[in-house]
Amino acid sequence: MGLQILLYLLIALLIDTARAADHFKYGPSRKFTRKNMFPEHTTEYWNERAQDILKQKLVEVQSPITNNAKNIIMFLGDGMSVHTITATRNFMGDSAKQVSFEKFPYFGLSKTYCVDSQVADSACSATAYLGGVKGNYGTIGVNANVPRFDCMAGLNVGNWVESIAQWAQNAGMDTGLVTTSRVTHASPAGVYAHTAQRGWENDAEILKSDCSSKVNVDIARQLVEWPVGRKLKVIMGGGRSNFRNITVNDEDGIAGQRYDGRDLIEYWIQDKRSQNVKANYVWNRKGLNSLNLNNTDYLLGLFSSSHCPFHGDLKRNNISTLVPSLSEMTEFALKVLSKKNNGFFLFVESARIDMAHHETKARKSLEDTEELAKAVDLTRKMFSEEDTLIIVTSDHSHTMTISGYPYRDEDITGLAADQADDDLPYTILSYANGPGFDNTYNKKGRKRIAPEETIDPNFQYLATVPLASETHGGDDVGVFASGPFAHYFSGTYEQCNIPAMMAKAANIGTFRSGAGYIK
């Protein structure tokens, strides 16, 4: 046996040496190690892993958790395709790793199309996974009777779609949202808003669409003035500029975007004072960390004039002391919402996974996915599976794929192991379309890419079709579930079924027992 092991190690060393020599031209970013790889060479290793999975599945099948969920926490990785999750495993160190939510016992796939579009945007999909109804592309919180940009159809209350946040509030639960986008952006707006155009985040945007900003209420106003938004105990993310007038600068000296003279942040503060509740507004990480949670029943945190930074940029740009991370915001939100014993619904979005993909900056997308996994992990550790349902999903996919037969130990953000038929290298990650086209082609054909280019977090990955912004993908997205009635989320189903299953788990809303739909 000792001689056999020695021969295995010798062969592995020879293979690594040959590979390192063959691919030396790809530079220092290439790693050729077999650390902890030897057990995978044996049949016993894989059989033992299979046995562990079988034991786990038997327990799950025999003992599903079927008591009502006290708390519901929904995590959304915006644009987090299955390819994105797969790439993140390698980004974390190896393809065999699991991001935290992949360890959840139940998994399904949701179909993301809109009523009028094969490929969804973050607006119609938010209506689906938060309201249980599919709508038209670009619309939020309304059914498909409302065409995008229709100034009048969106005003018809009969076309409005209730969100699971409203169901939770009606059942006496506390509610909140956390996002790394503007809090008025498409995904978080699905929690509380009803609009024919996702871009109507402030009154100026309504006017640009030749609609009345007096008749049509912008999304920022809906957040602070309308019932569901007013009752949110926690609101954290970016987007200060949508709350203040163009004549007023925010805490960072950036002018607002409103035309109507309103200061909606001050409105929120005064509204909470009139209700005689303990409320706090914070605009940076220091303010968040200095909060006395005993004196905080309502929390508004707006940490940027627009979107919050990419997670990796917090450290690279030396702003991690100024802007909280997604996991930090999530932890504070959970502490505020769990102060009472009446249960809560929390929506948490990692928005910039999507935005990095649009720019074909794959490395940044994977960084934000890893941070989302961290937020999910700390949440699962804070709350018991016996009373807290956690769902992790995405609104839509993207066009990024993994290709090129890379060696197991190659950095997935780098170059493929072999050159293409034109004798030029190509990246393991690439996009069907997007701004990365300019890094892919010139007038003579494909460009040569140096390995050190891919180390730059702002490197734009190869794309086949030239577009200023890479598009979404139309493939199904994953749904990971843990907690009461998590077994409901297995299989393939419409995206709009997700809130129905969450509501049934907590016995709230349209799909609670005795409500008519469920006997």
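Predicted, not measured: the structure shown is a model, and the values here were computed from it. (Residues numbered from 1 in each chain as written. Predicted model: local features only at pLDDT ≥ 70, side-chain atom pairs only at ≥ 80, totals over all residues. Heavy atoms only, no water.)

Right, let's talk about the confidence of the model for the protein for a bit. Confidence in the prediction of the protein, expressed as mean pLDDT, is 93, and 92% of residues score 70 or more. Of the regions scoring below 50 in pLDDT, residues 11-33 engages in 34 contacts with residues more than four places distant in sequence or in other chains. (pLDDT = per-residue confidence, 0-100. Contact = heavy atoms within 4.5 Å.)

This part is about the UniProt feature "active site" (unreviewed entry) in the protein. Under the local residue numbering, the UniProt record ascribes the feature "active site" (unreviewed entry) to Ser122. Secondary-structure assignment places Ser122 in helix α4 (residues 122-131). Apart from residues no more than four positions distant in its own chain, Ser122 is found in contact with Asp78, Ala186, Ser187, Arg198, Asp395, His396 and His472. At 2.8 Å, the side chain of Ser122 and the side chain of Asp395 are in polar contact. (UniProt positions renumbered as here; feature names shortened; annotations may be inferred. Helix = DSSP H or I, 4+ residues; strand = E, 2+ residues; numbered from the N terminus. Polar contact = N/O pair within 3.5 Å; in protein donor to acceptor, adjacent residues only side chain to side chain.)

Here we come to the pattern of salt bridges. Taken as a whole and assessed by the stated rule, the structure comprises 32 salt bridges. Among the ionic pairs, Arg408 bridges to Glu40, the shortest N-O distance being 2.9 Å. Of this pair, Arg408 sits in the loop between β10 (401-402) and β11 (429-434) while Glu40 sits in the loop between α1 (2-22) and α2 (43-62), and the two are 368 residues apart along the sequence. Residue classification places Arg408 among the partly exposed positions, given a relative accessible area of 29%. A relative accessible area of 16% places Glu40 in the buried class. Across the salt bridge formed by Arg244 and Asp263, the nearest N and O atoms sit 3.7 Å from each other. Placement of Arg244 in the loop between β4 (234-238) and α10 (264-274) and of Asp263 in the loop between β4 and α10 is noted, with a sequence separation of 19 residues between them. (Salt bridge = Lys/Arg side-chain N within 4 Å of Asp/Glu carboxyl O. Buried < 20%, exposed > 50% of the residue type's maximum accessible area, 1.4 Å probe, protein only.)

Inspection of the secondary structure puts Gly237 in strand β4. Setting aside its immediate chain neighbours within four residues, Gly237 contacts Thr179, Ser181, Val183, Gly301, Leu302, Phe303, Ser304, Cys308 and Met329.

Taken together, Leu207, Ile246 and Tyr259 make up a surface patch of nonpolar side chains, about 290 Å² in accessible area. By the element assignment, Leu207 lies in helix α7 (residues 203-208). (Patch = residues over 30% accessible without salt bridge, like charges linked within 9 Å, V, L, I, M, F, W, Y side chains within 5 Å. Areas by Shrake-Rupley, 256 points an atom, 1.4 Å probe, with all protein chains shown as cover.)

Next up on the list: the packing of aromatic side chains. Evaluated as defined, the whole model comprises 10 aromatic pairs. Ring centres of Phe344 and Phe383 lie 5.6 Å apart, and the angle between their planes is 70°; on these two criteria the pair is classed as edge-to-face. Here Phe383 lies in the loop between α15 (362-382) and β8 (388-393) and Phe344 lies in strand β7 (residues 344-350), a separation of 39 residues in the sequence. A relative accessible area of 14% places Phe383 in the buried class. Every member of this aromatic cluster is reached through a ring pair, and the members are Phe101, Phe107 and Phe480. For Lys233, the ring lying beneath its charged end belongs to Tyr298, and the centroid distance is 5.3 Å. (Phe/Tyr/Trp six-rings, centres within 6.5 Å; stacked < 30°, edge-to-face > 60°. Lys NZ or Arg CZ within 6 Å of the ring centre and 35° of its normal.)

Let us now look at the packing of helix α13 (residues 326-337) against α15. Here α13 crosses α15 at 25°, and the two axes come no closer than 8 Å. Comparing their axes, α15 and α13 come out roughly parallel. Here α13 and α15 pass one another in a crossing that is right-handed. Where α13 abuts α15, its residues Leu326, Ser327, Thr330, Glu331, Leu334 and Lys335 lie against Glu371, Leu372, Lys374, Ala375, Leu378, Thr379 and Met382. Residues belonging to the contact of α13 with α15 are distributed by class as follows: six nonpolar, three polar and four charged. (Axes fitted to C-alpha atoms, helices over the stretch in contact; angles between N-to-C directions. Parallel < 35°, antiparallel > 145°, perpendicular 65-115°, else oblique. Left-handed = near helix turned anticlockwise from the far one by under 90°. Nonpolar A, V, L, I, M, F, W, Y, C, P; charged D, E, K, R; others polar.)

Before going further, it helps to examine the environment of Ala486. If you trace the backbone, Ala486 turns up in the loop between β16 (477-482) and β17 (491-494). On the basis of relative accessibility, which here comes to 2%, the residue Ala486 falls in the buried class. Spatially, the C-alpha atom of Ala486 lies 13 Å from that of Thr393, the residues being 93 residues apart in sequence. Among residues more than four places away in sequence, those in contact with Ala486 are Tyr106, Leu389 and Ala481.

Another point: the side chain of His358. Assignment of secondary structure puts His358 in helix α14 (residues 352-358). A polar atom in the side chain of His358 sits 3.3 Å from the side chain of Ser469.

Burial analysis of β11 places five of its six residues in the buried class, the great majority of the element. Note that β11 and strand β14 (residues 463-466) share three bridges and pair parallel. Residue Asn433 lies in a different strand from β14, and its bridge partner there is Val465. (Pairing = 2+ DSSP bridges.)

Right, let's talk about α13 for a bit. Because each turn of an α-helix spans 3.6 residues, side chains separated by three or four positions end up pointing in the same direction. Counted at 1.5 Å a residue, the expected span for α13 with its 12 residues is 16 Å, and the 16 Å between its end C-alpha atoms agrees. Here α13 lies mainly inside the structure; nine of its 12 residues are buried. (Expected span 1.5 Å × (residues − 1).)

Quick look at the UniProt feature "binding site: Mg(2+)" (unreviewed entry) in the protein now. Taken from the UniProt record, the annotation "binding site: Mg(2+)" (unreviewed entry) applies to Asp78, His185 and Ser187. A compact arrangement is adopted by the annotated residues: their sequence extent is 110 residues, whereas the largest C-alpha distance between any two is 11.6 Å. Positionally, Asp78 belongs in the loop between β1 (71-77) and α3 (82-91). With near-sequence residues (within four places) excluded, Asp78 lies in contact with Ser122, Ser187, Glu349, Ser350, Ala351, Ile353, Asp354, Ser394, Asp395 and His396. Position of His185 among the secondary structure elements: in the loop between β3 (174-182) and α6 (186-189). Dropping the residues within four chain positions of it, His185 is found in contact with Arg198, Glu201, His307 and Met355.

Another aspect to go through is the state of the cysteines. A full pass over the atoms with the stated rule returns two disulfides. Here Cys114 is linked by a disulfide to Cys124, with a sulfur-sulfur distance of 1.9 Å. Here Cys114, found in the loop between β2 (106-111) and α4, pairs with Cys124, found in helix α4; they are 10 residues apart in sequence, far enough to count as distant. Residue classification places Cys114 among the buried residues on the basis of a relative accessible area of 2%. (Disulfide = S-S within 2.5 Å.)

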